[in-house]
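Each chain, written out:
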Amino acid sequence: GDFVAAGQPLVACERPGDHSERLLRVVQVAGRRDESDDATFGLQQLVDIAVRALSPGVNDPSTAVECLDRTHDLLRQLSVRQYPQQVFDDRDGRSRVVFPRVTWEEHVGLVFDEIRLWGRDSLRVRRRLQEMLDDLLRAAPPARRNALRERLPLFQDDLRIG
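Because the structure is predicted, anything quoted here is derived from the model rather than measured. (Residues numbered from 1 in each chain as written. Predicted model: local features only at pLDDT ≥ 70, side-chain atom pairs only at ≥ 80, totals over all residues. Heavy atoms only, no water.)

1. Considering the overall build of the protein
Thought 1: When its secondary structure is counted, the protein shows 6 helices and 2 strands.
Thought 2: Taken across its 162 residues, the protein has 32% of its residues classed as buried.
Thought 3: Summarising the internal contacts of the protein: among those between residues at least 6 apart in sequence, 59% fall at separations of at least 24.
Thought 4: Summing over all exposed atoms, the protein offers an accessible surface of approximately 10,900 Å²; the carbon and sulfur share of this is 50%. (Helix = DSSP H or I, 4+ residues; strand = E, 2+ residues; numbered from the N terminus. Buried < 20%, exposed > 50% of the residue type's maximum accessible area, 1.4 Å probe, protein only. Contact = heavy atoms within 4.5 Å. Areas by Shrake-Rupley, 256 points an atom, 1.4 Å probe, with all protein chains shown as cover.)

The following block contains the structure:
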């Protein structure tokens, strides 16, 4: 899902040879990102719509909350899915291939941090963010809860509802 400029290197090999050709066969280049293959892109689009809806010129918290509902659904699904491996080791345990990948923690930050910032003046948005966080803390496996717990202090101030 990352942008690569024309002529920019895609793969770096310490010892080029047969391996570089095999690596290039697993790379897919497309003209644009596609949310069906890139969950981060879909989440980013929903966050962008929510942020625009919360801008002073638009002031549409209903649209922002609808975006939160959709991001909640996506995060709930992602919370139990295995993320792709980032580092591949050889038989001797030495790291041989490293793929930059988006992590669960980055997905949580993408959704909660920006929308909380732009929705701080909307009671409906604050309430929905809190409900979402509470639900995800219950639904996510223990290994995925730290990224959510890190956001709890954000709700300990005047944003904590009920």
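There's plenty left to go through after this.
2. Some words on helix H3 (residues 61–79)
Thought 1: An ideal rise of 1.5 Å per residue puts 27 Å on 19 residues; H3 measures up with 26 Å between its terminal C-alpha atoms.
Thought 2: Residues Pro61, Ala64, Val65, Cys67, Leu68, Thr71, His72, Leu75, Leu78 and Ser79 constitute the buried set of H3. Buried residues of H3, seen end-on, are gathered within an arc of 155° and therefore sit on one face of the element.
Thought 3: Taken together, the buried residues of H3 touch helix H2 (39–54), helix H4 (104–118) and helix H5 (123–139). (Expected span 1.5 Å × (residues − 1). Arc of directions from axis to C-beta.)

3. Side note on the nonpolar core
Thought 1: Judged by nonpolar contacts, the single largest core of 29 residues is most densely connected at Leu75, Trp104, Phe112, Ile115, Val125 and Leu148.
Thought 2: Within the residue set of this core, elements represented by two or more residues are H2, H3, H4, H5 and helix H6 (145–149).
Thought 3: With 7 residues, H2 is the largest single contributor of residues to this core. (Core = buried A, V, L, I, M, F, W, Y, C linked by side-chain atoms within 4.5 Å.)

4. Describing the packing of H3 against H5
Thought 1: Contact geometry for H3 and H5: axes closest at 10 Å, N-to-C directions at 10°. By the angle between their directions, the pair H3 and H5 is classed as roughly parallel. Along the contact surface, H3 presents Pro61, Ser62, Ala64, Val65, Leu68, Asp69, Thr71, His72, Leu75 and Arg76, while H5 presents Arg124, Val125, Arg128, Leu129, Met132, Asp135, Leu136 and Ala139.
Thought 2: Here the contact of H3 with H5 is built from residues that sort into 10 nonpolar, 3 polar and 5 charged. (Axes fitted to C-alpha atoms, helices over the stretch in contact; angles between N-to-C directions. Parallel < 35°, antiparallel > 145°, perpendicular 65-115°, else oblique. Nonpolar A, V, L, I, M, F, W, Y, C, P; charged D, E, K, R; others polar.)

5. Some thoughts on H2
Thought 1: For H2, which comprises 16 residues, the first-to-last C-alpha distance of 23 Å matches the rise-based estimate of 22 Å (1.5 Å per residue) to within 8%.
Thought 2: Where H2 is buried, its residues contact H3, H4 and H5.

6. Focus on the side chain of Ser79
Thought 1: Turning to its location among the elements, Ser79 is positioned in helix H3.
Thought 2: Look at Ser79 and you get buried, because its relative accessible area is 1%.
Thought 3: Dropping the residues within four chain positions of it, Ser79 is found in contact with Trp104, Ala140, Pro141 and Arg144.

7. Brief notes about the layout of surface pockets
Thought 1: Its volume calculated, the second largest pocket comes out at about 170 Å³.
Thought 2: For the second largest pocket, the full set of lining residues is Leu54, Ser55, Pro56, Asn59, Pro61, Leu117, Trp118, Gly119, Arg120, Asp121 and Ser122.
Thought 3: In terms of residue class, the lining of the second largest pocket is built from 5 nonpolar, 4 polar and 2 charged. (1 Å grid on protein atoms, 1.4 Å probe; cavity = no way out; pocket = protein on both sides within 12 Å on 5 of 7 lines; lining within 4 Å. Points joined across faces, edges and corners; volume = space filled by probe spheres on them.)

8. Considering the environment of Phe3
Thought 1: By the element assignment, Phe3 lies in the segment before helix H1 (18–25).
Thought 2: Judged by its relative accessible area of 73%, Phe3 is exposed.
Thought 3: When the C-alpha atoms of Phe3 and Val29 are compared, they prove to be 9.6 Å apart, with 26 residues separating the residues in sequence.

9. Topic: a nonpolar patch on the surface
Thought 1: Where nonpolar side chains cluster on the molecular surface, the patch consists of Val4, Leu10 and Val29 and spans about 270 Å² of accessible area.
Thought 2: By relative accessible area, Val4 is classed as partly exposed at 36%. (Patch = residues over 30% accessible without salt bridge, like charges linked within 9 Å, V, L, I, M, F, W, Y side chains within 5 Å. Salt bridge = Lys/Arg side-chain N within 4 Å of Asp/Glu carboxyl O.)

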